[in-house]
Amino acid sequence: MSLDWIYYAISWILLTWHSAWDAIKVPVGSVLGTNWAWILAIIFLVVTVRVILFPVFVKQIKSQRAMQALQPKVKELQEKHKGDRETLQKEMMELYRKEKANPLMGCLPMFLQIPVFLGLFHVLRRLDPAKSNKTLYGWTVDQFNSASSAKIFTAPIAGKFGSTADELARLGANGTTVKIIAGILVLVMMGTTYLTSRQMILKTGWAEDPQQRMVQRLMLYGIPLSLLISGAIFPIGVIIYWVTNNLFTLGQQQWVLRKFPPLVTNQKPGGTAPRNAVQPARTGGFLNRAKPAAQVPAKPAAPKVAGPKPGAKPTNPKKGRPAKRQG
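Residues numbered from 1 in each chain as written. Predicted model: local features only at pLDDT ≥ 70, side-chain atom pairs only at ≥ 80, totals over all residues. Heavy atoms only, no water.

1. Concerning the pattern of salt bridges
Moving on, step 1. Inspection of the entire model under this criterion finds 4 salt bridges.
Moving on, step 2. Residues R170 and D128 are paired through a salt bridge, measuring 2.9 Å at the closest nitrogen-oxygen approach. You can see R170 sitting in helix α7 (residues 165-171) and its partner D128 sitting in the loop between α5 (108-125) and α6 (141-148), a full 42 residues away along the chain.
Moving on, step 3. With relative accessibility at 37%, the residue R170 sits in the partly exposed group.
Moving on, step 4. With a relative accessible area of 16%, D128 lands in the buried category.
Moving on, step 5. A salt bridge links E167 to K160; the nearest nitrogen and oxygen atoms lie 3.5 Å apart.
Moving on, step 6. On the accessibility criterion, E167 (25% relative accessible area) is partly exposed. (Salt bridge = Lys/Arg side-chain N within 4 Å of Asp/Glu carboxyl O. Helix = DSSP H or I, 4+ residues; strand = E, 2+ residues; numbered from the N terminus. Buried < 20%, exposed > 50% of the residue type's maximum accessible area, 1.4 Å probe, protein only.)

Below you can see the structure in the form of structure tokens.
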């Protein structure tokens, strides 16, 4: 299956944003050795993709809430079918179908972004001045030459930590500078990837289902560690894309988690909420700001009854009191 349509789409978005920033005369290489028009084009490629995928992200959060609400029933099934893995899987699939919950929805936004990442990786990897076909995927020769010479802190966006001496020579780059900039960006990429997974897990809690818990651990530790190796082959422009995407995710998750807070689970009757439990979202007002609580009218106090004056006869003599004998 040809992926050319992805390469054309990524190129079109990238070139459109670059033209927009270039039209307003964004500095080119004059500030901190950086071609800001191309850096901003990559950043706003992220913004474009994330705006398009925002409805899918909201569905992901809602699906996670549905999965969280089903955890007590999942635990019951695990206790009931302990040792019978096949029956347990069938019962759980039936439960998910009945409650219209999809365990795979949690990974859907990430899967949809994979083609974008691969498309940008392929497009930036082609930014080699030695390439003969510079007009592929809708590029002009001037755009190709501009992008291949674009730099961030004097390191070319087409360079990578593992670039060979020949590649660096064609890009007119210093090997030490490229390794330093790429290495720092890889560490930032690893850190922000870890934080995005940690933010979600702290807010939603660890899953009861062993398979989902394993996926959570993989996303929390496995993916960031894998970037230490794979980051060496990523062009610097791709790493910029990844870091920007992570920062966008941190902000978006914070907003959505406030809008759709996780359920408070494992709370004993009469006890206090567990540690890290998320309280219900505040509703009403601009940007979900809390409205002042309604004042409950106080009950009217009972009227005070004045006591008898000194020397006065009692107004309500007690009934059944024996009559005084006449002497």
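2. Observations concerning the packing of α5 against helix α10 (residues 236-259)
Moving on, step 1. Look at α5 against α10: their axes get within 9 Å of each other, and the N-to-C directions meet at 155°. Considering their axes alone, α5 and α10 lie roughly antiparallel with respect to each other. Along its contact with α5, which presents Q113, V116, F117, L120, F121 and L124, the element α10 presents G237, V238, Y241, W242 and N245.
Moving on, step 2. For the contact of α5 with α10, a count of residues per class yields 8 nonpolar, 3 polar and no charged. (Axes fitted to C-alpha atoms, helices over the stretch in contact; angles between N-to-C directions. Parallel < 35°, antiparallel > 145°, perpendicular 65-115°, else oblique. Contact = heavy atoms within 4.5 Å. Nonpolar A, V, L, I, M, F, W, Y, C, P; charged D, E, K, R; others polar.)

3. Things to note about helix α9 (residues 210-230)
Along an α-helix, residues three or four positions apart point the same way, because every turn accommodates 3.6 residues.
Moving on, step 1. Helix length check: α9, at 21 residues, gives a terminal C-alpha distance of 28 Å against a target of 30 Å (1.5 Å per residue), a fit within 8%.
Moving on, step 2. Maximum bend of α9: about 35°, positioned at L218.
Moving on, step 3. Restricting attention to buried positions, one finds in α9 the residues Q212, Q216, L220, P224 and L227. (Expected span 1.5 Å × (residues − 1). Bend = angle between axes of the 7 residues up to and from the residue.)

4. Some remarks on the packing of helix α1 (residues 4-23) against α5
Moving on, step 1. Interaxial distance between α1 and α5 falls to 9 Å at its minimum, and their mutual angle equals 75°. Considering their axes alone, α1 and α5 lie roughly perpendicular with respect to each other. Contacts between α1 and α5 pair I6, Y7, I10, S11 and L14 from the former with P115, V116, L118, G119, L120, H122 and V123 from the latter.
Moving on, step 2. For the contact of α1 with α5, the per-class residue count stands at 9 nonpolar, 3 polar and no charged.

5. Some remarks on the side chain of N35
Moving on, step 1. Locating N35 in the fold gives a position in strand β2 (residues 34-35).
Moving on, step 2. When sequence neighbours within four positions are dropped, the list of residues in contact with N35 reads P27, V28, G29, A150 and K151.

6. Let's talk about the layout of surface pockets
Moving on, step 1. Computed from the structure, the second largest pocket encloses a volume of approximately 250 Å³.
Moving on, step 2. W5, I6, A9, I10, I13, V49, I52, L53, L112, P115 and V116 together form the lining of the second largest pocket.
Moving on, step 3. Taken together, the elements giving at least two residues each to the lining of the second largest pocket come down to α1, α2 (36-69) and α5.
Moving on, step 4. No other element matches α1, which puts 5 residues into the lining of the second largest pocket.
Moving on, step 5. Within the lining of the second largest pocket, the residues separate by chemical class into 11 nonpolar, no polar and no charged. (1 Å grid on protein atoms, 1.4 Å probe; cavity = no way out; pocket = protein on both sides within 12 Å on 5 of 7 lines; lining within 4 Å. Points joined across faces, edges and corners; volume = space filled by probe spheres on them.)

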